[in-house]
Amino acid sequence: DKMGASDIETAKAIIGHGKSLWRVGKYKDARSQLEKAIEISKKHFGGENFPFIADIYYYLANAWCEEDNWEETNKWNEKALAIYKESTNDSDNGVIKVLVLKVHILGGLRKIHQALALGEEIRKRIEENLGEESREMGDLLYAEGRAYYHRPNPAKSVEKLE
């Protein structure tokens, strides 16, 4: 079925274009491309419960994350997580990268304790499955750093009281 194969090639090209736009800070244009890829892919697969589509949801979540829109980031990240959990084992790279993004989301929402607890929980999975030098470990450390950055500043809190 040549038509089906070309659909996926088209979707892959659109995803690549969307990711390029995202890398240069054109987040709205990137999201538009990724949403187009989702529609093509859903038609191709006849549904959304496929890791290929979960990947696109994850990219879309990241494009929202760049603009600190935590609600949209969380919406797409949760959709990706649900699909990855259904289609793979829990240590799968897809589940791990989505959980790392969840640390970013929790930090952005100022749910600092939850963010750091989740980070601690997935650190071992990253070490065991991907290694300490993996990109996912770097992403986790960055997410945790941002969560610390969002913590209320005790000095500022004291100023408000005086």
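Owing to the predicted nature of the structure, the values given are computational and were not obtained by experimental measurement.

**Q** Hey, could you go over the overall build of the protein for me, with residue numbers and the actual values?
**A** Helix and strand content of the protein: 8 helices and 0 strands. When the helices and strands of the protein are placed in sequence order, the string is α-α-α-α-α-α-α-α. Looking at the protein residue by residue over its 162 residues, the buried ones come to 44%. Long-range pairs, those at least 24 residues apart, make up 57% of the contacts in the protein with a sequence separation of at least 6. Carbon together with sulfur atoms contributes 50% to the accessible area of the protein, which is approximately 9,400 Å² in total.

**Q** Describe the packing of helix α2 (residues 27-45) against helix α3 (residues 51-65), and please don't skip the residues or the numbers.
**A** It is at 10 Å that the axes of α2 and α3 come closest, and there the two elements cross at 165°. Considering their axes alone, α2 and α3 lie roughly antiparallel with respect to each other. Crossing of α2 over α3 shows left-handed handedness. On α3, the residues that touch Tyr 27, Arg 31, Leu 34, Glu 35, Ala 37, Ile 38, Ser 41, Lys 42 and Phe 45 of α2 are Phe 52, Ile 53, Ile 56, Tyr 57, Tyr 59, Leu 60, Ala 63 and Trp 64.

**Q** An account of the packing of helix α6 (residues 112-129) against helix α7 (residues 135-150) is requested, with residue identities and associated values reported.
**A** α7 packs onto α6 with a crossing angle of 165° between their chain directions and a minimal axis gap of 10 Å. Classed by the angle they form, the pair α6 and α7 counts as roughly antiparallel. Between α6 and α7 lies a crossing whose hand is left-handed. Across the interface between the two elements, Ile 112, Ala 115, Leu 116, Gly 119, Glu 120, Ile 122, Arg 123, Ile 126 and Glu 127 of α6 pack against Glu 136, Met 137, Leu 140, Leu 141, Glu 144, Ala 147, Tyr 148 and His 150 of α7. Partitioned by chemical class, the residues of the contact of α6 with α7 number 10 nonpolar, 2 polar and 5 charged.

**Q** Kindly report on the confidence of the model for the protein, identifying the contributing residues and their values.
**A** Of all residues in the protein, 89% attain a pLDDT of 70 or more, and the chain-wide mean is 89. Predicted confidence in the protein is weakest over helix α8 (residues 154-161), with a mean pLDDT of 52, and strongest over α2, with 96.

**Q** So what's going on with helix α4 (residues 70-87)? Residues and values would help.
**A** Over its 18 residues, α4 runs 25 Å from end to end, which matches the ideal 26 Å to within 8%, given 1.5 Å per residue. Of all the residues in α4, the buried ones are Trp 70, Glu 72, Thr 73, Trp 76, Asn 77, Ala 80, Leu 81, Ile 83 and Tyr 84.

**Q** Just give me the short version of the pattern of salt bridges, but keep the residues and values in it.
**A** This model, assessed by the stated rule, comprises 10 salt bridges. As a salt-bridge pair, Asp 68 and Arg 146 come within 3.3 Å of each other at their nearest N and O atoms. Of this pair, Asp 68 sits in the loop between α3 and α4 while Arg 146 sits in helix α7; the two residues are 78 residues apart in sequence, bridging distant segments of the chain. Taken together, the salt bridges that share partners define one network made up of Lys 42, Glu 48 and Lys 79.

**Q** Describe in detail unusual backbone geometry, supporting the description with residues and values.
**A** A positive phi angle is found at Asp 68, which is not glycine, with a value near 55°. Judged by relative accessible area, which is 42%, Asp 68 ranks as partly exposed. Backbone geometry at Arg 110 places phi at a positive 65°, although glycine is not the residue there. In this structure, Arg 110 sits in the loop between α5 (93-108) and α6.

The rules behind each value
Residues numbered from 1 in each chain as written. Predicted model: local features only at pLDDT ≥ 70, side-chain atom pairs only at ≥ 80, totals over all residues. Heavy atoms only, no water. Helix = DSSP H or I, 4+ residues; strand = E, 2+ residues; numbered from the N terminus. Buried < 20%, exposed > 50% of the residue type's maximum accessible area, 1.4 Å probe, protein only. Contact = heavy atoms within 4.5 Å. Areas by Shrake-Rupley, 256 points an atom, 1.4 Å probe, with all protein chains shown as cover. Axes fitted to C-alpha atoms, helices over the stretch in contact; angles between N-to-C directions. Parallel < 35°, antiparallel > 145°, perpendicular 65-115°, else oblique. Left-handed = near helix turned anticlockwise from the far one by under 90°. Nonpolar A, V, L, I, M, F, W, Y, C, P; charged D, E, K, R; others polar. pLDDT = per-residue confidence, 0-100. Expected span 1.5 Å × (residues − 1). Salt bridge = Lys/Arg side-chain N within 4 Å of Asp/Glu carboxyl O.

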